[in-house]
Each structure stands twice: as C-alpha cells, then as structure tokens.
Amino acid sequence: GRQGCQIDFENVSFAYEGASGDPVLKNISFTCLPGETIGIIGSTGSGKSSLVSLIPRFYDTSAGTIRVDGVDIGKLDPAKLRDQIAIVPQKSILFSGTIEENLRWGNEHATLDEIIQAAKMAEAHGFITSFPEGYETMLGQRGVNLSGGQKQRLSIARALVRKPDVLILDDCTSALDTTTETNIKESLKSFASGVTCLLIAQRITSVMDADKIIVMDDGEIVGIGTHEMLMKSCRVYVEIFQS
Ligand code: DUT
C-alpha cells in the first residue's frame, strides 16, 4: 500500500457559487495525522459532504487553507492530488460493464488478484462469486440487478483497488447491516494501516472507534474528540447518540 497523508484545514470557509446566505462551511480547522481514522458526524445538511469534497479540490475554498503533507493544495497539480485520494460517494456510480471492469475503474493497471483482494476486504467477493459468471458478470441495464448494499460494497472495493493515500467514505455503509459494516472496518484496519481515512456516517456506532470524531452542526465544527470525550462535552453529539 501507500503511505497516509497528513491533512490540515486552517480557518476554511466555503460557499457554493451563486448561493446566497450563510456559507456552507464556516471557519473549519482540524488536523488529521497520517494513518489516522477520523469520523465525521452531524445532521443532514450540516456540511459533511461539502467538507470532504474540498480535499480533492472538487471545489475551492472561499477562505482559509487546506494542506496535504504541509503543502497548500491550491499549489498542487489537481490530477496528482486526486490520484492520492479515493472518495466513495453516497450514491454508488457503477457503469454498464463487467464487475471486474467496474472495480478496475480508476486503476487500469490493477491485476485480477488485486481486484479480488479488494473485493474480499469490502465483503463483496462472496456475492460476486455466487453469480455464475463471477467477476465477468455484467452490470447495468442488461446485467444483474444489485441491491443497494451490494452496490456500496462494489464502490468500496473500487476505492481500495486504487490503493489511495487518503480514503474517504461518504456515508457509504448506510445500506449494510452492522455485521457486514464491522467486517469491512476490520479489514480496512489491516489494509489501511498507514492510510488516512475520513469516515462520514449517520450512526454513532459507525464512527465510535475512530481516532477522533468531528461533530458538524450547521457548517461549523462543534466538537472534536474521542467518543468518550464527546459524550462528556458535546451536546450535539449526545443528542445524535440518543436519537
Ligand atoms: N449544498 C449546495 N450545493 C451542493 C451541495 C450542497 O448548495 O452541490 C448545500 C446543501 C446544504 C449544505 O450545502 O445546505 C451542506 O450540504 P452537505 O451535502 O455538505 O451536507 P451533509 O452534512 O453531507 O448532508 P447529508 O448528511 O444529508 O449528506
């Protein structure tokens, strides 16, 4: 695998172009050390997806600075930056083609062995091999119909095939049962030792064992810490826990 990156946000604010009113992100500062897993939690619309979309520069900040390994990302080659970062989006994007082709997307040089290894870590190998055509199974209009959870596992596998330095999972385990989710997180720990991981979730149980958890509320960070710390000190976190 590759090495994890350090990510620093320093007083970052962000508004979508043409949007009126309050910025979507206000004065965001945090540090994610190489190899750390950071959970991000907060109500819908609090800015979690917007926050992570700034890291590969899908959008540029309105104010403040984001650094990857100490370098202002505004000064990095976007293609190189994006090559280091894999985002698994909330809605999986699979195309018409075989499962193998879908998993290789983003890393054309991956071998079938590497693809199988990634699929195993994402708990997808079992259902893939249950299809008569296995990795040659066609997806899309003329292909098999996958459940939401199966699509999520393929999206996670695809990200792992890319062997990123930074892995961002944007609420992409919501359709999985907790056992499958736990198994994937366990495999990620071995794969991702050294990989910096940002994990957006709705459920506290999905982020509880992260190195630290960022609590978002209305575009602001209202708490950063471990589960134990936040349970004692962060009202919004406790409210999410109790809901
Ligand atoms: N927003 C836009 N344009 C976009 C995306 C989002 O205006 O292209 C707004 C909607 C919302 C705010 O930004 O008011 C934050 O949205 P975001 O998707 O970042 O929030 P979230 O915390 O990720 O919400 P969810 O848990 O529903 O995904």
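Before reading further, recall that the structure is shown in the block above.
Here the structure is a predicted model, which means the values were calculated and not measured.

Calculation notes
- Residues numbered from 1 in each chain as written.
- Predicted model: local features only at pLDDT ≥ 70, side-chain atom pairs only at ≥ 80, totals over all residues.
- Heavy atoms only, no water.
- Pairing = 2+ DSSP bridges.
- Helix = DSSP H or I, 4+ residues; strand = E, 2+ residues; numbered from the N terminus.
- Core = buried A, V, L, I, M, F, W, Y, C linked by side-chain atoms within 4.5 Å.
- Buried < 20%, exposed > 50% of the residue type's maximum accessible area, 1.4 Å probe, protein only.
- Contact = heavy atoms within 4.5 Å.
- Salt bridge = Lys/Arg side-chain N within 4 Å of Asp/Glu carboxyl O.
- Near = heavy atom within 4 Å.
- Polar contact = N/O pair within 3.5 Å; in protein donor to acceptor, adjacent residues only side chain to side chain.
- Areas by Shrake-Rupley, 256 points an atom, 1.4 Å probe, with all protein chains shown as cover.
- Nonpolar A, V, L, I, M, F, W, Y, C, P; charged D, E, K, R; others polar.
- Axes fitted to C-alpha atoms, helices over the stretch in contact; angles between N-to-C directions.
- Parallel < 35°, antiparallel > 145°, perpendicular 65-115°, else oblique.
- Left-handed = near helix turned anticlockwise from the far one by under 90°.
- Phe/Tyr/Trp six-rings, centres within 6.5 Å; stacked < 30°, edge-to-face > 60°.

Undergrad: Just give me the short version of the sheet that holds strand E2 (residues 25-32), but keep the residues and values in it.
TA: Read across the sheet, four strands follow the order E2-E1-E4-E5 without closing on themselves; strand pairing throughout is antiparallel. Because the sheet does not close on itself, it has two edges, and the strands there are E2 and strand E5 (71-72). Sheet analysis places strand E1 (residues 7-14) next to strand E4 (residues 63-68), joined by five bridges and oriented antiparallel. Bridge pairing in E4 places serine 13 opposite alanine 63.

Undergrad: Could you give me a rundown of the nonpolar core, with the residues and numbers involved?
TA: Among the nonpolar cores identified, the biggest contains 46 residues, and Leu103, Ile128, Leu154 and Leu167 are the most heavily contacted of them. With six residues, helix H6 (residues 148-161) is the single largest residue contributor to this core. Once you skip the residues sitting within four places of it in the chain, leucine 103 turns out to touch Ile115, Ala119, Ile128, Tyr135, Leu154, Ala157, Arg158 and Val161.

Undergrad: I'd like to hear about the pattern of salt bridges, residue by residue, with values.
TA: The final tally for this structure, using the stated rule, is 11 salt bridges. Measuring nitrogen to oxygen at the nearest pair gives 3.1 Å for the salt bridge that ties lysine 26 to aspartate 22. Since its relative accessible area comes to 17%, lysine 26 is described here as buried. Each member of the salt-bridge network shares a partner with another, and the members are Asp22, Lys26 and Asp218.

Undergrad: Pulling in residues and values, what's your account of the site of the ligand?
TA: Neighbouring residues of the ligand: Tyr16, Val24, Ser43, Thr44, Gly45, Ser46, Gly47, Lys48, Ser49, Ser50, Gln90 and Gln202. Here an oxygen atom of the ligand sits 2.9 Å away from a polar atom, N or O, in the main chain of glycine 45. Considering the ligand on its own, with 600 Å² of exposed area, one finds that the protein chains cover 62% of that surface. Counted by class, the shell around the ligand contains two nonpolar, nine polar and one charged residues.

Undergrad: Give me the lowdown on unusual backbone geometry, citing residues and values where you can.
TA: Unlike most non-glycine residues, aspartate 69 shows phi in positive territory, near 50°. With respect to the helices, strands and loops of the structure, aspartate 69 is situated in the loop between E4 and E5. Of note, aspartate 218 is a non-glycine position whose phi angle comes to about 50°, a positive value. Of note, aspartate 218 is situated in the loop between strand E11 (212-217) and strand E12 (220-225).

Undergrad: Tell me about the packing of helix H4 (residues 112-121) against H6, and please be specific about residues and values.
TA: Closest axis-to-axis distance for the H4/H6 pair is 8 Å, and the angle between their directions is 135°. One element, H4, and the other, H6, form an angle in the oblique class. When the axes of H4 and H6 are compared, the crossing they make is right-handed. Within the contact between the two elements, H4 uses Glu114, Ile115, Ala118, Ala119 and Met121 and H6 uses Ala157, Leu160 and Val161.

Undergrad: Describe the packing of aromatic side chains, with residues and values.
TA: Tallied over the full model, the rule gives five aromatic pairs. Between phenylalanine 14 and tyrosine 16, the ring centres sit 4.8 Å apart and the planes meet at 70°, which makes this aromatic pair edge-to-face. Taken together, a centroid distance of 5.5 Å and an interplanar angle of 45° make the contact between phenylalanine 14 and tyrosine 59 tilted. Here the residue phenylalanine 14 occupies a position in strand E1, and tyrosine 59 occupies one in the loop between helix H1 (48-53) and E4, the gap between them amounting to 45 residues. Taken together, the ring pairs connect Phe14, Tyr16 and Tyr59 into an aromatic cluster.

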